[in-house]
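What follows is each chain in one-letter form.
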Amino acid sequence: MLVIIGVIKAIPHTPAVPWGLHSLFSRNISSSSKLWVTNHSPPVNVDAKRALQTSERRRGTFTDRSQFKYARRLVVKLGSAVITREDEHGLALGRLASIVEQVAECHVEGRECIMVTSGAVAFGKQKLTQELLMSLSMRETLSPKDHTRADANTLLEPRAAAAVGQSGLMSLYDAMFAQYGVKIAQVLVTKPDFYNEDTRRHLFSTLSELISLNIVPIINTNDAVSPPPVAPQDLQQGMKRKTISIKDNDSLAAMLAAEVQADLLILMSDVDGIYTAPPWQEGARFIHTYTSDMHDIVQFGKKSKVGTGGIDSKVEAATWALERGVSVVICNGHQEKAIKTIISGRKLGTFFTESSTVGSAPVEVLAENARHGSRTLQGLSPGDRASAIFTLADLLTSRQSDILAANAKDLSEAAKSGVAKPLQSRLSLTPAKLKSLATGLRQIAESSHTNVGRVLRRTKIADGLELSQITVPIGVLLVIFESRPDCLPQVAALALSSANGLLLKGGKEASHSNRALMEVVKEALATVGAENAISLVSTREEISDLLSLESHIDLIIPRGSSELVRSIQEQAQHIPVLGHAEGICHVYIDSQADLDKALKIVRDAKCDYPSACNAMETLLIHSDLVQSGFFHTVCDMLKKEGVTVYAGPELSKMLTFGPPPAKSLKTEYGSLECAIEVVNGVQDAVDHIAKYGSGHTEVIVTENKNTAQIFQRDVDSACVFHNASSRFADGFRFGLGAEVGISTARIHARGPVGVEGLLTTKWVLNGDGHAAADFAEGGSGTYVHESLPL
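Here the residue index of a chain counts from 1 through its sequence in written order. Per-residue local features are limited, in this predicted model, to residues with pLDDT of at least 70; the limit for side-chain atom pairs, both in listing and counting, is 80 or more; totals at the level of whole chains, interfaces and linings are taken over all residues. Calculated side-chain values reflect all of the structure's heavy atoms, with hydrogen atoms and water omitted.

J.: Before we move on, could you go through the overall build of the protein and cite the residues and values that matter?
T.: On a plain count of helices and strands, the protein comes out with 26 helices and 29 strands. Should any heavy atoms of two residues lie within 4.5 Å, those residues are counted as being in contact. Put simply, 74% of the contacts in the protein that link residues at least 6 apart link residues at least 24 apart. By the criteria applied, helices consist of DSSP H or I runs no shorter than four residues and strands consist of E runs no shorter than two, each listed in order from the N terminus.

Spelled out as structure tokens, the structure:
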């Protein structure tokens, strides 16, 4: 067994420290006024770095994974199964090197790292195997009756293997840490040393002195002479409240974490974390967040075949440490970059926390609730679903003052934090917006009677055998949106209408607005007994963690910046994504355009709501119009509207003095900015859009219907308009009532997506004892495949 303690400098903590050891650490280390960490890079002043973060230090245990980034003192325990090879004779060097790298990086960053690890026995077994074989062969040759052969089998007992492996293991760690400029020192101890007051005091005095010299102490428990790993009974009786019985490395790590007042203890094993039952058993559910009141719901399986402890010992150690102010994560040490992943706040392993009421329920529970809620909604009559949507529309009006007050808080905080103007515009709610929302929701309610269970096709397969294709909900939707709280009731109404379960993840900039709107959604759902069908993910779940719930979520719909949507599309490898990454919309003014219409359309497309995804970003002008003076007219109009104009390459060639060049013609400005480019005709415009467009919405302004038809036929975008503003690309304006988003994908749902895009189908076959064998050659059955009226 090996214990590595890597502490740079102790910092006083608010909670009292068991046995007064923290004061010992602080007193001895304070003699070193400054510590400098080097690793082939400029030194980092650790004192200065920590001073900047003192105000952000936690009080008590962490209540949320996002707080792990503030953890300054870490204890990382490596189980035998993590660093030992499958054959148990030797170390998994690649995995161990990765862990050492992460610990060294944390050390260099200024974190205080403590590492508890096994390995000496496995390393010793590897070295002894060949020596033992050679020794036995030599003894057999020299003295067939040598009495020492009777003890040969004991040479591979753990204590003997540890004696052989300890020095080699230390050399290995020394070489690995040296790659990162980290110096180490070894201190050999036995477990009783932790229970004897004098040896314990001397031990930590030595450690503190090494730490003051910026040396990482490695405590190697001397397993060659250690007695069985149980504390003496008399000491146990006097220390029941102060110590834990050291039975394995889990309990040892927990005790060290409590002694040095660590912020976070990471117990690494060969399992992903804690399950409600052994993970191979049917119905076993993974527990992402564990509290002490959950102990009764966990059934423990067998312990690891390599180590001395099982999951029950890990839970016992984690709970013991948690009671003493240390947050704990149990994770799979085989996971790549596990330590850095956990510190970054990602959902890896099982997080032990004192608080069982922080935030909302785990997102997995919310997703399961949404699944059951979808079934509840399917069981309702269309009239009941419509009634709930009507109720939601009414609540948007009757609770307007509460909603706007919450929105005002978000707007105030956004202004103080410097949120970009386009995002502030999307964040804002007004009485007019709420009124428009309510109107759209009523449209959804009125159309919801024919959504779910609608028969799309009926076919007579054979006499007495009839097939139907009917609409059904997709299942559970995850809608991730930024800034725009108005999309929350829209999407909720669409989910209600289509009987889908729904998880909503809004941006923190709209947290007050989203909570207020979610309250009215829950109230509307309660009228039909489906409160859990729709939930707001209000915990600080990382989006990447949500995207890994492929067993819970059936479709992801992102609504936000191109960066957000593109990131989700890249990360969601196992869940379909419906949406658009960018809204680079074009308006093409043809040579045969009505110029008054053109000015009106351009003004509306760019200036009506410049932050919308259907706003014009590039204006294409026929080259004939540049010479006719229309270019100057449209530029003057845009200037009066406060629009900043950029010139495309072709336009820049034609002007001596003109707008500054556009950095890119593939830009979604989302503000009062746009590019202007010159094209030589409709085909040139189509080619330009194919090269720079995002497949969202394109417009042609012309009085030549043949030209318009060519444009609408050849442009491959979700929406293609003739003599109409791009701003009409909207679910409400299309008569869909509202939209869950706009899709530029080439799937069943394209353009503004309403209820239809949230439905799929299933086949229903009704027979009377029919068998496929009846229709084989020589059988009595005959296919007719006759289409039947709906």
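J.: Lay out the side chain of Ser483 with the relevant residues and their values.
T.: Structurally, the position occupied by Ser483 is in the loop between β16 (476-481) and α17 (487-498). In contact with Ser483, not counting residues within four places along its chain, are Leu423, Arg426, Leu427, Glu509 and Ala510.

J.: Report on the sheet that holds strand β20 (residues 585-589), specifying residues and quantitative values.
T.: Spatially, β22-β23-β21-β20-β24-β25 is the arrangement adopted by the 6 strands of the open sheet, whose pairing is parallel. One side of each edge strand has no neighbouring strand; the edge strands of this open sheet are β22 (644-647) and β25 (719-722). Taking the axes of each pair of neighbouring strands and ignoring which way they run, one obtains an average angle of 20° across the sheet. A strand pair is defined by DSSP finding two or more bridges across the two strands. Where β20 lies against strand β24 (residues 697-701), 4 bridges are found, and the strand directions are parallel. When the bridges of β24 are listed, Val587 appears paired with Val699. The strands touched by helix α25 (residues 682-692) within the sheet are β20, β21 (616-622), β23 (673-679) and β24, with β20 carrying the most contacts at an inclination of about 170°. Interaxial angles span 0 to 180 degrees and are taken between N-to-C directions of axes, which are lines fitted to C-alpha atoms, for helices over the stretch in contact.

J.: Please set out the environment of Arg285 residue by residue, giving values where relevant.
T.: One can find Arg285 in the loop between β9 (274-275) and β10 (286-287). Once residues lying within four places of it in the same chain are set aside, the contact partners of Arg285 are Ile274, Tyr275 and Thr276.

J.: Go over the side chain of Thr350 with me, naming the residues and quoting the values.
T.: Inspection of the secondary structure puts Thr350 in strand β13 (residues 350-352). Classification of residues uses two cut-offs on accessible area relative to the type maximum, computed with a 1.4 Å probe and protein chains only: under 20% is buried, over 50% is exposed, and between them is partly exposed. What makes Thr350 buried here is its relative accessible area of 0%. Of the polar contacts made by the side chain of Thr350, one reaches the backbone nitrogen of Ile274; its length is 2.8 Å. Here a polar contact means two N or O atoms within 3.5 Å. Within protein one must be a hydrogen donor candidate and the other an acceptor candidate, and residues neighboring in sequence count only if both atoms are side-chain atoms. One polar contact links the side chain of Thr350 to the main-chain carbonyl oxygen of Ile287, over a distance of 2.6 Å. Not counting residues within four places of it along the chain, the set of residues in contact with Thr350 comprises Arg65, Asp272, Gly273, Ile274, Phe286, Ile287, His288, Tyr290, Val328, Val329 and Ile330.

J.: I'd like a rundown of the pairing of strand β5 (residues 112-117), residues and numbers included.
T.: Most of β5 is tucked away, with 6 of its 6 residues classed as buried. Burial along β5 is two-sided: Glu112, Ile114 and Val116 facing one way and Cys113, Met115 and Thr117 facing the other are all buried. The pairing of strand β4 (residues 73-78) with β5 spans 6 bridges and is parallel. Paired with Val75 across the two strands is Ile114, which belongs to β5.

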